[in-house]
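Listed here are the chains, written in short residue letters.
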Amino acid sequence: MESVTLRDRFRGGIVGTAVGDALGAPFEGRQEVDPRRIDSWQRSDKDLRWTDDTAMTVGVAESLIASGGFDGEDMVSRFMAHHDAEPWRGYGAGPPRVFAAIRQGVDWREAASTLFGGTGSFGNGAAMRSAPLGLFACHDLELVASMAWEAAGITHAHALGRAGAAMQAYSTGWLATTPSEPSGPVRTLLVDDLRSVIVDPTFRQRLDALDDLGTESPRDEVVATLGNGIEAVEAVPAAVHAATAHPADFAAAVRSAVMLGGDTDTIAAMAGALAGALLGYSAIPQPWLSRLEGHESLVTLADELLTAAFIARPPGGIDAG
Ligand code: F2R
Ligand code: MG
Ligand code: MG
């Protein structure tokens, strides 16, 4: 296999998010998904329309491009503009409440911590949008984790919501800078490195569980071990499982993510981002690209994110390809 360029990986991470989101969307909330229905949907010629997962990912990427790095005020204003324009994308309950509080005059730094009785959200909504952070700063994975923690806090103040975003962003950046034919098992290598940045005890238990789980474990065992729900602590490990169980096959990674059931659009969006960052845009099946809503705009956005990453990064780093 030829080496995958960084441009291909940026495109893969962004477009992979949208493809996974759109392929998983019809099954969101179903505990059991009939494999024949997945196959039929994946082979159909209907438009692949994405949801809030991709809309918010676009907001993160646009903000990084415009600001040359993380700027919370700019990022939340982009989230609000996307939500205002398309409130029907299937947002979780929390983010629109954050946006309403900001409109009523609450400081954007404080708004998220007013939710859920003051605990903040532990939903997966910050993790699902964090691929652009992993790509943008992939030359410095500790920076990725800290930026993702900060960016999550705009809507998800709970430590579990933030840690999920850090894990997903770090995994995206790690895979974007890993050879597409790595020298060892991707799962083991990634989880080992995640242990250096993920300190939350609940997430660390999930990392152990992920490490112990075989990449060929049956679907029911994966769901029993990691979960498949809307909480970041379930959806993020499930997505990492799906992507690292199929490290050479984008389509299989996304299909196995949808097969897990539960929060299917979000688990598949994150698995698509991870598989796309490792294998590149060129590994995404062409029939899915032809059906994808906003395909060309997403490719352009990924290219602009790559340019912004090069402008922001100190000289002497990685090659754009
Ligand atoms: N909203 C959905 N799906 C529902 C239906 C969509 C349907 N297709 C439609 O079009 O209407 N999906 C999207 O939401 C998830 C991301 O959610 P996010 O952004 O994390 O939202 P929220 O509200 O912050 O958290 C989600 C739920 O988790 C529970 N929760 C979170 N923190 C909690 C806490 N501290 N205490 C108790 N519960 C907490 C709540 O039930 C939250 O509402 C993605 O699936 C995306 O696709
Ligand atoms: Mg969604
Ligand atoms: Mg979802």
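For every chain, the first residue of its written sequence is number 1, and the numbers climb from 1 along that sequence. Labels follow written order: the first chain is A, the first ligand is 1, and so on. Since the coordinates come from a predicted model, pLDDT governs what is reported: local features require at least 70, and pairs of side-chain atoms require 80 or more to be given and counted, while whole-chain, interface and lining totals use all residues. Based on all heavy atoms of the structure, the side-chain values leave hydrogens and waters out of the count.

Caption draft 1: View of the overall build of the protein chain. The secondary structure listing takes helices from DSSP runs of H or I that are at least 4 residues long and strands from runs of E that are at least 2 residues long, numbered from the N terminus. Check the secondary structure of the protein chain and you find 17 helices and zero strands. Scaling as 2.2 N^0.38, a compact globule of 321 residues should have a C-alpha radius of gyration of about 20 Å, and the protein chain matches this with 18 Å. Taken along the three principal axes of its C-alpha coordinates, the protein chain extends 50 × 45 × 40 Å. Taken across its 321 residues, the protein chain has 59% of its residues classed as buried. For the protein chain, contacts bridging at least 24 residues in sequence account for 74% of all contacts bridging at least 6. Every accessible area reported is derived by Shrake-Rupley at a probe size of 1.4 Å, with residue values counting cover from the shown protein chains alone. A total accessible area of about 12400 Å² is found for the protein chain, and carbon and sulfur atoms account for 51% of it. Neither His nor the chain ends contribute to the count of charged residues, in which Lys and Arg are positive and Asp and Glu negative. By convention, the point assigned to a charge is CZ for Arg, NZ for Lys, CD for Glu and CG for Asp. For the protein chain, the separation between the mean place of its 24 positive charges and that of its 42 negative charges on side chains is 4 Å. For the radius of gyration, the atoms used are the C-alpha atoms, and the globule rule reads 2.2 Å times the number of residues raised to 0.38. Remark: exposure states derive from per-residue accessible area (1.4 Å probe, protein chains only) relative to the maximum for the residue type, with buried under 20%, exposed over 50%, and partly exposed in between. Contacts are assigned to residue pairs that have any heavy atoms within 4.5 Å of one another.

Caption draft 2: Up close: the pattern of salt bridges. In what follows, salt bridge is the name for a side-chain nitrogen of Lys or Arg lying within 4 Å of a carboxyl oxygen of Asp or Glu. Using the criterion set out here, one finds 15 salt bridges in the structure. We note a salt bridge from Arg255 to Asp39, for which the minimum N-O separation is 2.9 Å. Of the two residues, Arg255 sits in helix H14 (residues 250-259) while Asp39 sits in helix H2 (residues 35-43), which places them 216 residues apart along the sequence. Linked by salt bridges that have partners in common, Arg49, Glu86, Arg89 and Glu293 make up one network.

Caption draft 3: Region of the structure containing the site of ligand 1. Any residue with at least one heavy atom within 4 Å of a molecule or strand is counted as near it. Not every one of the 23 residues close to ligand 1 is listed here, only the nearest: Gly94, Ser121, His156, Asp263 and Asp265. Pairs of N or O atoms are called polar contacts if they sit within 3.5 Å, as long as, within protein, a hydrogen donor faces a hydrogen acceptor (for residues adjacent in sequence, only side-chain-to-side-chain pairs). Contact distances for ligand 1 include 2.9 Å between a nitrogen atom and a backbone N or O atom of Phe122. Note that an oxygen atom of ligand 1 is positioned 2.7 Å from one of the side-chain N or O atoms of His156. Protein burial of ligand 1: of its 920 Å² of free accessible surface, 67% is covered by the chains. Buriedness for pockets is judged along seven lines, at least five of which must meet protein on both sides within 12 Å for an open set on the 1 Å grid over protein atoms alone, while cavities are sets there where a 1.4 Å probe fits but cannot get out, and lining residues have an atom within 4 Å of a point. To qualify as sitting in a cavity or pocket, a molecule needs more than half of its atoms within 2 Å of the grid points. When each cavity is represented as a set of grid points, ligand 1 is found to reside in the largest pocket. The set of elements that each furnish at least two residues to the shell around ligand 1 consists of helix H3 (52-67), helix H5 (94-103) and helix H15 (264-279). Only Asp, Glu, Lys and Arg are considered charged in this grouping, and only Ala, Val, Leu, Ile, Met, Phe, Trp, Tyr, Cys and Pro are considered nonpolar; every other residue, Gly among them, is considered polar. The class makeup of the residues in the shell around ligand 1 is seven nonpolar, 11 polar and five charged.

Caption draft 4: Representation of the coordination of the magnesium ion (ligand 2). Here the coordinating atoms are restricted to nitrogen, oxygen and sulfur within 2.8 Å of the metal centre, or 3.2 Å for Na, K and Ca, and because water is not among them the sites may look incomplete. Within the protein, the atoms that donate to the magnesium ion (ligand 2) are Thr51 (OG1), Asp52 (OD), Asp53 (OD) and Asp265 (OD), at distances of 2.0 to 2.3 Å. All donor residues of the magnesium ion (ligand 2) come from one chain, and their arrangement in sequence is T-D-D-x211-D. Separating the magnesium ion (ligand 2) and the magnesium ion (ligand 3) is a distance of 3.7 Å, and Asp265 donates to both of them. As far as burial versus exposure is concerned, Thr51 and Asp53 are alike and both buried.

Caption draft 5: Quick look at the packing of H3 against helix H4 (residues 72-85). Axis lines are fitted to C-alpha atoms, over the contacting stretch for helices. Their N-to-C directions set the angle, which ranges from 0 to 180 degrees. Between H3 and H4, whose axes approach to 9 Å, the crossing angle comes to 140°. By the angle between their axes, H3 is oblique relative to H4. Considering the relative orientation of H3 and H4, their crossing is right-handed. Touching Ala55, Met56, Val58, Gly59, Val60, Glu62, Ser63, Ala66 and Ser67 of H3 are Asp74, Met75, Arg78, Phe79 and His82, all from H4. Its residues assigned to classes, the contact of H3 with H4 comprises seven nonpolar, four polar and three charged. Under this scheme an angle from 65 to 115 degrees is roughly perpendicular, one under 35 degrees roughly parallel, and one over 145 degrees roughly antiparallel; angles in between are oblique. Whether a crossing is left-handed or right-handed is set by the direction in which the near helix is turned from the far one by less than a right angle, anticlockwise for left-handed and clockwise for right-handed.

Caption draft 6: A look at the packing of H3 against helix H17 (residues 295-312). Axis separation between H3 and H17 bottoms out at 9 Å; the angle between their running directions is 35°. For H3 against H17, the interelement crossing comes out left-handed. Seen from H3, the contacting residues are Thr54, Val58, Ala61, Glu62, Leu64 and Ile65; seen from H17, they are Leu298, Leu301, Glu304, Leu305 and Ala308.

Caption draft 7: Inspection of the packing of aromatic side chains at higher detail. Pairs were defined over the aromatic rings of Phe, Tyr and Trp, the Trp ring being its six-membered one, requiring ring centres within 6.5 Å. Orientation was assigned from the angle between planes: stacked under 30 degrees, edge-to-face over 60, tilted for the rest. Going through the model one piece at a time under the given rule, you end up with one aromatic pair. As a reminder, the over-ring test applies to NZ of lysine and CZ of arginine, requiring each to be within 6 Å of the ring centre and within 35 degrees of the ring normal. Sitting over the ring of Tyr281, Arg11 keeps its end group 5.8 Å from the ring centre. If you follow Arg97 out to its NZ or CZ, it ends over the ring of Phe116, 5.2 Å from the centre.

Caption draft 8: Representation of the environment of Gly120 in the model. On the secondary structure map, Gly120 appears in the loop between helix H6 (108-111) and helix H7 (131-136). As for Gly120 and Arg313, which are separated by 193 residues in sequence, their C-alpha atoms are 32 Å apart.

Caption draft 9: Geometry of the coordination of the magnesium ion (ligand 3). Ligation of the magnesium ion (ligand 3) by protein atoms is provided by Glu28 (OE), Asp263 (OD), Asp265 (OD) and Thr266 (OG1), these donors lying 2.0 to 2.2 Å from the ion. Just to be clear on the cut-offs, tetrahedral is four donors with all angles between 85 and 135 degrees, square planar is four donors and octahedral six with opposite donors over 155 degrees apart and all others between 65 and 115, and anything else goes down as irregular. Classification of the site at the magnesium ion (ligand 3) as octahedral follows from its six donor atoms and the range of 77 to 177° in their angles at the metal. Here the donor residues of the magnesium ion (ligand 3) are spaced in sequence according to E-x234-D-x1-D-T.

Caption draft 10: Summary view of the environment of Ala93. Take Ala93: it is sitting in the loop between H4 and H5. Residues Ala93 and Thr119, spaced 26 residues apart in sequence, show a C-alpha to C-alpha distance of 15 Å.

Caption draft 11: Just unusual backbone geometry, in detail. Within the chain, Phe116 stands out as a residue other than glycine whose phi angle is a positive 50°. Here Phe116 lies in the loop between H6 and H7. Taking relative accessible area as the criterion, Phe116 reaches 43% and is therefore assigned partly exposed.

Any functional reading would require information beyond the geometric quantities listed.
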